[in-house]
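Here is how the chains run, residue by residue.
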Amino acid sequence: MTEHNDLVKSTQEITKEALHKLGFDDGMYDLIKEPLRILEVRIPVRMDDGTVKTFTGYRAQHNHSVGPTKGGVRFHPDVNKEEVKALAMWMTMKCGITNLPFGGGKGGVICDPRQMSNQELENLSRGFVRSISQFVGPASDIPAPDVYTNPQIMSWMMDEYSKINRSNAFAFITGKPLSLGGSEGRNRATALGAVITIEEATKRRNIDIKGSRVAIQGFGNAGSFIAKILHDMGAKIVAISESYGALHDPDGLDVDELVELKEKHGRVTHLFEGVIPNKELFEVDCDILIPAALSNQITEENAHDIKASIVAEAANGPTTKEATRILTERGVLLIPDVLASAGGVTVSYFEWVQNNQGYYWSEEEINSLLREKMVEAFNKIYDLAESRKLDMRLASYVVGIKRTAEATRFRGWA
């Protein structure tokens, strides 16, 4: 819990500083520092053995001044209210950075889906939607997949909401299968969005992606997709890590083999000899470092060891405030999480638009629209950081919170 409290506190501190840079007073900060609504629900679920187990779930809606709140639902044993609160605030930033008509939302259920059957997961998914159905919807709060949730779970949730409202409510939720109104390109949108920001960063640092050396902490959905995309662009993936340990080869790893092994076994590092401790990944000689795993991984203890010119945060909160300062002072170009990982919510927005208008774009069109959004966002933040001598994280928060704060003021809320 302490870690999540720290994430909320650090997010609030940067938000306060960003609002002051924009000329807003403490009254605005007092409203924006917390979600406007946090629901805590109890969900009774009939298990396969006939017993009823009660699960606890949360849904946070940070600020809806510019439009519906938007954000994922995660199923995980470590879900808690403080984590959901921080993630909802980050979603507001991501939506503001990419200029989407959304505020931030987030949800979660305390459970271990790896220990649950398909039927139990369906019962839980439908029960969660029933418990929050009066507070969510296509024009109020739009869920999406997150940790340990997927298109099938989104389908059950959409179907349950549709039953309650007696209509096909495809726009209620995003991350759905294509046959139920899902969007082309959604499965790798977060990874592709991160890669687009990395491309823009390499231009600013005169680094050629082709032949560049990349180290990636985390080889889950985001990390493996990023590795594959960069590898196909000609980058040399010199290190990847999982909870078991890290693989390192200065000449470059065989990414295609690693992706194939991951699909077959679920994880890969335990299949190899010569695995190094995870902490040594941050000391690897590389041009681009991508933390795509856990929060608080780059700290004041190891920030000086990082040799990369660019650090792209594909995970939530992987770099502490002090480490951000150290990297910035060392001249490392940091692409903050709220910018680097904004591709997922951007394509979720495209899915919502397609559902509402009943017209669907090709994957090529989706990727083009995503690129346009991410390039514009990166350059706006980079130029602001340069012109006003801000670090990239603070510049991202200034851009990310501006529209929400202005809308809040015009509506007379603060």
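Parameters and conventions
- Residues numbered from 1 in each chain as written.
- Predicted model: local features only at pLDDT ≥ 70, side-chain atom pairs only at ≥ 80, totals over all residues.
- Heavy atoms only, no water.
- Salt bridge = Lys/Arg side-chain N within 4 Å of Asp/Glu carboxyl O.
- Helix = DSSP H or I, 4+ residues; strand = E, 2+ residues; numbered from the N terminus.
- Buried < 20%, exposed > 50% of the residue type's maximum accessible area, 1.4 Å probe, protein only.
- Axes fitted to C-alpha atoms, helices over the stretch in contact; angles between N-to-C directions.
- Parallel < 35°, antiparallel > 145°, perpendicular 65-115°, else oblique.
- Left-handed = near helix turned anticlockwise from the far one by under 90°.
- Contact = heavy atoms within 4.5 Å.
- Core = buried A, V, L, I, M, F, W, Y, C linked by side-chain atoms within 4.5 Å.
- UniProt positions renumbered as here; feature names shortened; annotations may be inferred.
- Pairing = 2+ DSSP bridges.
- Phe/Tyr/Trp six-rings, centres within 6.5 Å; stacked < 30°, edge-to-face > 60°.
- Nonpolar A, V, L, I, M, F, W, Y, C, P; charged D, E, K, R; others polar.

Caption draft 1: Representation of the pattern of salt bridges within the structure. One pass over the full model with this rule turns up 28 salt bridges. Residue Glu 34 pairs with Lys 85 through a salt bridge whose shortest N-O separation is 3.0 Å. Note that Glu 34 is positioned in the loop between helix H2 (26-32) and strand E1 (37-46) and Lys 85 in helix H3 (residues 81-97), a separation of 51 residues in sequence. Assessed through its relative accessible area of 9%, Lys 85 is described here as buried. Close ionic contact of Arg 213 with Asp 287 constitutes a salt bridge, the shortest N to O distance being 3.2 Å. Taken as a pair, Arg 213 in strand E7 (residues 213-217) and Asp 287 in the loop between helix H8 (255-265) and strand E10 (288-291) lie far apart in primary sequence, 74 residues in all. Looking at Asp 287, the relative accessible area reads 18%, which means it is buried.

Caption draft 2: How the structure looks around the packing of helix H11 (residues 343-357) against helix H12 (residues 363-388). It is the contact of H11 with H12, at a shortest axis distance of 10 Å, that shows an interaxial angle of 130 degrees. In terms of their interaxial angle, H11 and H12 are classed as oblique. In this structure, the crossing between H11 and H12 has a hand that is right-handed. Facing Gly 343, Thr 346, Val 347, Phe 350 and Gln 354 of H11, the residues of H12 in contact are Ile 366, Leu 369, Leu 370, Lys 373 and Met 374.

Caption draft 3: Geometry of the nonpolar core. Ile 216, Ile 226, Leu 230, Ile 240, Ile 290 and Ile 335 are the most contacted members of the largest nonpolar core, which has 84 residues in total. Of all the elements, H12 adds the most residues to this core, at 10 residues. Judged by nonpolar contacts, the second largest core, of 26 residues, contains Met 47, Val 109, Leu 121 and Ala 169.

Caption draft 4: Spotlight on the UniProt feature "binding site: NAD(+)" (unreviewed entry) in the chain. Under the feature "binding site: NAD(+)" (unreviewed entry), the UniProt entry names Thr 190 and Asn 221. In summary, the annotated positions, though distributed over 32 residues, converge in three dimensions, the widest C-alpha pair being only 9.3 Å. Within the secondary structure, Thr 190 is located in helix H6 (residues 189-204). Overall, Thr 190 belongs to the partly exposed group, its relative accessible area being 27%. Within the secondary structure, Asn 221 sits in helix H7 (residues 221-232). With a relative accessible area of 54%, Asn 221 lands in the exposed category.

Caption draft 5: Summary view of the side chain of Thr 11. Checked against the element boundaries, Thr 11 lands in helix H1 (residues 2-21). By relative accessible area, Thr 11 is classed as buried at 1%. Leaving out residues up to four positions away in the same chain, Thr 11 has contacts with Met 89, Trp 90 and Tyr 397.

Caption draft 6: A look at the sheet that holds strand E9 (residues 245-248). In space, the 6 strands of this open sheet follow the order E9-E8-E7-E10-E11-E12, with mixed pairing throughout. Every other strand in the sheet has two partners, leaving E9 and strand E12 (333-335) as the edge strands with one partner each. When the angles between neighbouring strand axes are averaged without regard to direction, this sheet yields 15 degrees. By the bridge criterion, 4 bridges tie strand E8 (residues 236-242) to E9 in an arrangement that is antiparallel. Among the inter-strand pairings, Ala 239 is bridged to a residue of E9, identified as His 248. Contacting E7, E8 and E10, H7 runs over the sheet at an angle of about 170 degrees to E7.

Caption draft 7: Structural detail: the packing of aromatic side chains. Under the counting rule described, the total for this entry stands at 7 aromatic pairs. Taking the centre distance of 5.0 Å and the plane angle of 65 degrees together, the rings of Phe 102 and Trp 352 count as edge-to-face. A residue pair is termed long-range when its members are at least 10 positions apart, and Phe 102 in the loop between H3 and strand E5 (103-110) and Trp 352 in helix H11 qualify at 250 residues. Grouping residues by exposure puts Phe 102 and Trp 352 together as buried. Measuring from ring centre to ring centre gives 6.2 Å for Tyr 349 and Trp 352, while their planes differ by 35 degrees; the resulting arrangement is tilted. Taken as a pair, Tyr 349 and Trp 352 lie in helix H11 at a separation of 3 residues, close to a single helical turn. Residues Tyr 349 and Trp 352 agree in their burial class; the two are buried.

Caption draft 8: Fine view of the pairing of strand E4 (residues 73-76). Side-chain alternation along E4 places Val 73 and Phe 75 on one buried face and Arg 74 and His 76 on a second face that is also buried. By the bridge criterion, 4 bridges tie E4 to E5 in an arrangement that is parallel. By the bridge assignment, Val 73 is partnered in E5 with Gly 107.

Caption draft 9: Representation of the pairing of E10 within the structure. Going residue by residue along E10, you find Ile 288 and Ile 290 tucked away on one face and Leu 289 and Pro 291 tucked away on the opposite face as well. As judged from the 2 bridges shared by E10 and strand E11 (residues 310-312), these two strands associate in the parallel manner. Its bridge partner being in E11, Leu 289 is matched across the sheet by Val 311.

Caption draft 10: Seen up close, the packing of H12 against helix H13 (residues 392-410). At a closest axis distance of 9 Å, the pairing of H12 and H13 adopts a crossing angle of 120 degrees. Of the possible angle classes, the one that applies to H12 and H13 is oblique. The two elements H12 and H13 meet at a crossing, and its hand is right-handed. Packed against H12, whose contacting residues are Phe 378, Lys 380, Ile 381, Tyr 382, Leu 384 and Ala 385, the element H13 presents Met 392, Ala 395, Ser 396, Val 398 and Val 399 at the interface. When the residues that make up the contact of H12 with H13 are grouped by side-chain class, the tally is 9 nonpolar, 1 polar and 1 charged.

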